[in-house]
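# What the coordinates show
Each chain, written out:
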Amino acid sequence: MIHAAMLTAMGLTMLAWRPCRDLEARAPRAAVTMLLLSTAAVWVGSLGLVVQAIADAAGPAGTLVAACGTVLRDLLTGGLGWWQSSLLLAWVVLLPGRGLWCVAKDLIGSRRLLRRVRTAPAVTAVTADVVGATHRPRRVAVVDDLGTPAVTVGLLRPVVAVDAVFWADADATERSVVLAHEQSHQRGRHGLLDAVTQFLGAGLAPLPFVRHASDCIGRHLEALADDAAVRRHGPRLVGVTLGQVALAARPGHGLGASGDAVWRVQRLVAPSPTASWRDRAILGAATTLMAAMLVLGAVDAADAVLLLEPNFCSL
């Protein structure tokens, strides 16, 4: 139980601390990885605490895997008491249950938009991350009344859609920057990462800092897409274009659904002079620490499995 408590506490501490929040997304991949690992650590640790508490009620259960076997056996044979069943049910409802509910609601909304996108007229666009590194042409749907200049929708086969009014009014530079940004979301399957973030964070969302951490992941995914456009156009041009598109009298939410355009423009146009290696070192150390804790837990579980008898969960 000590290991599970430590893992839960470390995950919550990282989510509350969020060292990436003031670092201008200088290492967005590390920030996203660190926050997702921290949320996963809270899940694993809290489940360990619940399982150990239930199993220990019938006597010391030993390892976490042994405790899981005891709980599973009692659950399938109806041997759990009312408070044990209630505790396990509460964990299932609050974490995976709420996570699935939130993701399902979002997927239903996305399917409606996907139906519009798949029947909309399209243009074929070619973008490059760096000069001379051109990707294959990709279909870009032009949709009326999209509500934002551009958006990437879909999980496994994401599609880029642009608003018809924006596409008609935008100049070549604005089109290129927007497409480079959205096609980075598309290639990186950022919609899938966003769904994982919703799933992991929904059950912990009553904690304010967990909601802020989920927003931070979305903001750093936008920073990753901005950086893809920067590799082709340079930071100043992308920052200025981002500001013009987000603040112009065009469809609603600005470039990218997660918003926070001022922060994104500032990190490109006027970054702070502090050394970026320190930011990367902090995020790298935090990410490595959380990954090590989860790996150590997995190794302990694997060792425990090798020591278990074949009938550890016999019915």
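Residues numbered from 1 in each chain as written. Predicted model: local features only at pLDDT ≥ 70, side-chain atom pairs only at ≥ 80, totals over all residues. Heavy atoms only, no water.

## Comments concerning the environment of Ala41
Examined against the element boundaries, Ala41 turns out to sit in helix H2 (residues 28-56). Relative accessible area serves as the criterion here: at 0%, Ala41 is assigned to the buried category. A sequence separation of 250 residues divides Ala41 from Ala291, and the C-alpha atoms of the two residues are 9.0 Å apart. Beyond its immediate chain neighbours, meaning those up to four positions away, Ala41 contacts Leu7, Thr8, Gly11, Met290 and Leu294. (Helix = DSSP H or I, 4+ residues; strand = E, 2+ residues; numbered from the N terminus. Buried < 20%, exposed > 50% of the residue type's maximum accessible area, 1.4 Å probe, protein only. Contact = heavy atoms within 4.5 Å.)

## Looking at the nonpolar core
It is characteristic of soluble globular proteins that their nonpolar side chains tend to be buried jointly. Membership of the largest hydrophobic core comes to 31 residues, with the highest contact counts inside it found for Cys20, Met34 and Leu35. Put simply, the parts of the chain that give this core at least two residues each are helix H1 (2-17), H2, helix H4 (82-118), helix H8 (208-233) and helix H11 (276-307). Here this core gets ten residues from one element, more than from any other, and that element is H2. Apart from residues no more than four positions distant in its own chain, Leu35 is found in contact with Leu15, Arg18, Cys20, Ala213, Cys216 and Ile217. Val140, Val142, Val162 and Ala164 belong to the second largest nonpolar core, which has twelve residues in total. (Core = buried A, V, L, I, M, F, W, Y, C linked by side-chain atoms within 4.5 Å.)

## Some details on the packing of aromatic side chains
Enumeration over the complete set of coordinates arrives at two aromatic pairs. For the pair Trp43 and Trp91, a centre-to-centre distance of 5.8 Å together with 80° between the ring planes defines the contact as edge-to-face. Of the two residues, Trp43 is situated in helix H2 and Trp91 in helix H4; the sequence distance between them amounts to 48 residues. The class of Trp43 is buried, set by a relative accessible area of 11%. Relative to Phe199, the ring of Trp43 has its centre 5.1 Å away and its plane inclined at 40°; by these criteria the two rings are tilted. Placement of the pair is Trp43 in helix H2 and Phe199 in helix H7 (residues 190-202), with a sequence separation of 156 residues. Through pairs of rings, three or more aromatic residues link up here, namely Trp43, Trp91 and Phe199. Cation over ring: Arg175 sits above Trp167, and NZ or CZ is 4.3 Å from the ring centre. The aromatic ring of Trp263 is capped on one face by Arg219, whose charged end is 4.5 Å from the ring centroid. (Phe/Tyr/Trp six-rings, centres within 6.5 Å; stacked < 30°, edge-to-face > 60°. Lys NZ or Arg CZ within 6 Å of the ring centre and 35° of its normal.)

## Quick notes on the pairing of strand S5 (residues 150-153)
Alignment of S5 against strand S6 (residues 159-163), held across four bridges, turns out to be antiparallel. Bridge pairing in S6 links Val153 to Val159. Connecting S5 to the next strand, S6, in antiparallel fashion are five residues, including Gly154 with a positive phi near 115°. (Pairing = 2+ DSSP bridges.)

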